[in-house]
Amino acid sequence: MSHSETPYLQHHFETPEQQFDAGKLGMWLFLATEILLFGGLFCAYAVYRATHPEIFLYAHQFLDKRLGGTNTVILLCSSLTMAWAVRASQLGQRKLLIALLSLTLLGGFGFMGIKYVEYKAKWEHGLLPGTHFAPHAEGEAHGAAAEPAVPQPAVPKATPTIPPSAPGPAGTVKDAAPKLAPHTRGRPSNVQIFFGIYFLMTGLHGIHVLAGMGAIFWLLVRSIKGHFSPDYFTPVDFVGLYWHLVDLIWIFLFPLLYLVS
Amino acid sequence: MAGSAHPRVGHVVPLRVLFGVLATLLVMTYVTVAVSGYDFGRFNLWVALGIALFKASLVLLFFMHLKYDKPFNAIIIITSLAFVMLFIAGALMDVKQYQPNKIEGYAPAIKTNPQ
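Nothing here was measured: the structure is a model prediction, and the numbers come from that model.

### A word on the overall build of chain A
Counting its secondary structure elements, chain A contains six helices and zero strands. For chain A, the succession of helices and strands along the chain, N to C, is α-α-α-α-α-α. Sequence-distant contacts, at least 24 apart, represent 77% of the contacts inside chain A between residues at least 6 apart.

### So, the overall build of chain B
From N to C terminus, chain B includes three helices and zero strands. If you list the helices and strands of chain B from N to C, you get α-α-α. Sorting the 115 residues of chain B into buried and exposed places 31% on the buried side. As presented, chain B carries roughly 7,200 Å² of accessible surface, and 69% of it is formed by carbon and sulfur atoms.

### Overview of the packing of helix H1 (residues 16–51) of chain A against helix H5 (residues 191–224) of chain A
Two packed helices can be described by the angle between their axes and the distance between those axes. Residues and elements named next belong to chain A. Between H1 and H5, the shortest axis-to-axis distance is 10 Å and the interhelical angle comes to 165°. Classified by the angle between their axes, H1 and H5 sit roughly antiparallel to one another. Classified by chirality, the crossing of H5 by H1 is left-handed. Across the interface between the two elements, Glu34, Leu37, Phe38, Leu41, Phe42, Ala44, Tyr45 and Tyr48 from H1 touch Ile193, Ile197, Leu200, Met201, Leu204, His205 and His208 from H5. Considering only residue class, the contact of H1 with H5 consists of twelve nonpolar, two polar and one charged.

### Here's the deal with the environment of Phe62(B)
All names here are of chain B. Following the sequence through the fold, Phe62 ends up in helix H2 (residues 44–63). Judged by its relative accessible area of 17%, Phe62 falls in the buried class. Separated by 41 residues in the primary sequence, Phe62 and Val21 place their C-alpha atoms 7.5 Å from one another. Phe62 has contacts with Val13, Val17, Val21, Lys67 and Tyr68, leaving out every residue within four places of it along the chain.

### Structural notes on the side chain of Ser36(B)
Summarising the element assignment, Ser36(B) is placed in the loop between helix H1 (15–35) and H2. Under the relative-accessibility criterion, Ser36(B) is labelled buried at 11%. There is a polar contact of 3.3 Å between the side chain of Ser36(B) and the side chain of Lys65(A).

### Some remarks on the environment of Phe38(A)
Residues and elements named next belong to chain A. For Phe38, the location among the structural elements is in helix H1. Among the residues examined, Phe38 registers a relative accessible area of 2% and is labelled buried. For Phe38, the contacting residues outside a window of four places in its chain are Met201, Leu204, His205, His208 and Ile249.

### Side note on the confidence of the model for chain A
Of the residues in chain A, 80% reach a pLDDT of 70 or more, and the chain-wide mean stands at 84. Note that residues 174–184 of chain A has pLDDT below 50 and, in this model, 16 contacts with residues that lie over four places away or in other chains.

### Focus: the nonpolar core
Ranked by internal contacts, the top residues of the largest apolar core, which has 95 residues, are Trp28(A), Leu31(A), Phe194(A) and Phe195(A). For Phe194(A), the residues in contact, after removing those within four places along its chain, are Ile55(A), Phe56(A), Ala59(A), His60(A), Leu63(A) and Leu257(A).

### Remarks on the pattern of salt bridges
All names here are of chain A. Under the counting rule described, the total for this entry stands at six salt bridges over all chains. The shortest N-O distance in the salt bridge between Lys115 and Glu118 comes to 3.8 Å. On the criterion of helical spacing, the pair formed by Lys115 and Glu118 is a turn pair, its members being three residues apart in helix H4 (residues 94–124). Since its relative accessible area comes to 2%, Glu118 is described here as buried. With its nearest N and O atoms 3.2 Å apart, the salt bridge here joins Glu124 to Lys120. Taken together, the positions of Glu124 and Lys120, both in helix H4 and four residues apart, correspond to about one turn of that helix. Glu124 gets classed as partly exposed once you look at its relative accessible area, which sits at 44%. You can call Lys120 partly exposed: its relative accessible area is 38%.

### With respect to the packing of H5(A) against helix H6 (residues 234–258) of chain A
Residues and elements named next belong to chain A. Look at H5 against H6: their axes get within 10 Å of each other, and the N-to-C directions meet at 160°. One element, H5, and the other, H6, form an angle in the roughly antiparallel class. Between H5 and H6 lies a crossing of left-handed hand.

### A closer look at the side chain of Glu34(A)
All names here are of chain A. By the element assignment, Glu34 lies in helix H1. The buried charged residue Glu34 lacks any salt bridge, with Lys115 as its nearest oppositely charged partner at 16 Å. Engagement of the side chain of Glu34 in a polar contact is seen with the side chain of His208, the distance being 2.8 Å. Residues contacting Glu34, with those up to four places away along its chain left out, are His208, Tyr242 and Leu245.

### Remarks on a nonpolar patch on the surface
Residues and elements named next belong to chain B. A cluster of nonpolar side chains, namely Tyr38, Phe40, Phe43 and Trp46, defines an oily patch on the protein surface of about 520 Å² accessible area. Position of Tyr38 among the secondary structure elements: in the loop between H1 and H2. Classification of Tyr38 by relative accessible area gives exposed; the value is 57%.

### Some points on the confidence of the model for chain B
Here chain B averages 85 in pLDDT, and 83% of its residues register 70 or above. Interface confidence for the predicted complex, given as ipTM, is 0.84, next to a pTM of 0.82.

Rules of the game
- Residues numbered from 1 in each chain as written.
- Chains lettered and ligands numbered in written order.
- Predicted model: local features only at pLDDT ≥ 70, side-chain atom pairs only at ≥ 80, totals over all residues.
- Heavy atoms only, no water.
- Helix = DSSP H or I, 4+ residues; strand = E, 2+ residues; numbered from the N terminus.
- Contact = heavy atoms within 4.5 Å.
- Buried < 20%, exposed > 50% of the residue type's maximum accessible area, 1.4 Å probe, protein only.
- Areas by Shrake-Rupley, 256 points an atom, 1.4 Å probe, with all protein chains shown as cover.
- Axes fitted to C-alpha atoms, helices over the stretch in contact; angles between N-to-C directions.
- Parallel < 35°, antiparallel > 145°, perpendicular 65-115°, else oblique.
- Left-handed = near helix turned anticlockwise from the far one by under 90°.
- Nonpolar A, V, L, I, M, F, W, Y, C, P; charged D, E, K, R; others polar.
- Polar contact = N/O pair within 3.5 Å; in protein donor to acceptor, adjacent residues only side chain to side chain.
- pLDDT = per-residue confidence, 0-100.
- Core = buried A, V, L, I, M, F, W, Y, C linked by side-chain atoms within 4.5 Å.
- Salt bridge = Lys/Arg side-chain N within 4 Å of Asp/Glu carboxyl O.
- Lys, Arg positive; Asp, Glu negative; His and termini not counted.
- Patch = residues over 30% accessible without salt bridge, like charges linked within 9 Å, V, L, I, M, F, W, Y side chains within 5 Å.

Here it is as structure tokens:
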């Protein structure tokens, strides 16, 4: 096949098949790096949940299951419209392709809109990561707030509460050690770390949704210009792969963050 | 024109399959929300993860064409998933090793009891 018959074929590829397969391989390699990127955050999640399950049980009550579930349905449906858009581009159905890409973009807007509502509620209730964590009374779900400040009993100077020296690595000891920081009643300590993990994971995912929306908008412009045909639909296919990966990550984030039991 | 053309490369997934996958995904989403109300003891997390893995497999196989693709692409993605699991498993094993001996709220570098 000559290159003049196929204007989209780059000079360094022999055939459209070779070009398509090479591009697709590159796309899957990129998706693998994305999985590894999120893998680090999933690892932080796993370690923190393994050591402090009580924080996850407590803090997940602040996440709205209905909003999270709605967002899951929106992303799944937009995944269908994207997969259908790839099919439409393969079959040369230009009007259907434009309609389906618009629907997918709409799904992205819907997802980010709900995300905005969720983040705004967290912000207003002071449920923020790190040093910004300052839950207001009305933000506490189960009446853990408005707890009177109990004065700590004064520790006699004669019995210092210095823990026994640690024979193991720093901060560890073989025998049962006295608890220095007992949990305050109601709210376990260090809840802010849950919100650190929550905002990092959903935030990075949200950035990926925004990037995907940008790419879909680019596809929309090109499909209106009539750039795609059954001979050349590679960009639609590859952006589709990216959009499905974003969906894939949310499939794991939703039960792990919202449905803790 | 519409529907009659055939692509030079790639595989056209039938609409029946696409909608079937979406229906299954939505049902499984409902199931995962519904079962989160039940207590399976220590299997809670594994039930949720199992459902998520099943949903992810459907998306990978049909929406992302892996079922029809060259197997090399599947090898890449399965390998990356395997390495993420290895990474998390290794980190968890290390954490479990130290956790029972940890003194809560005590870090030697930080002065917790200035006297």
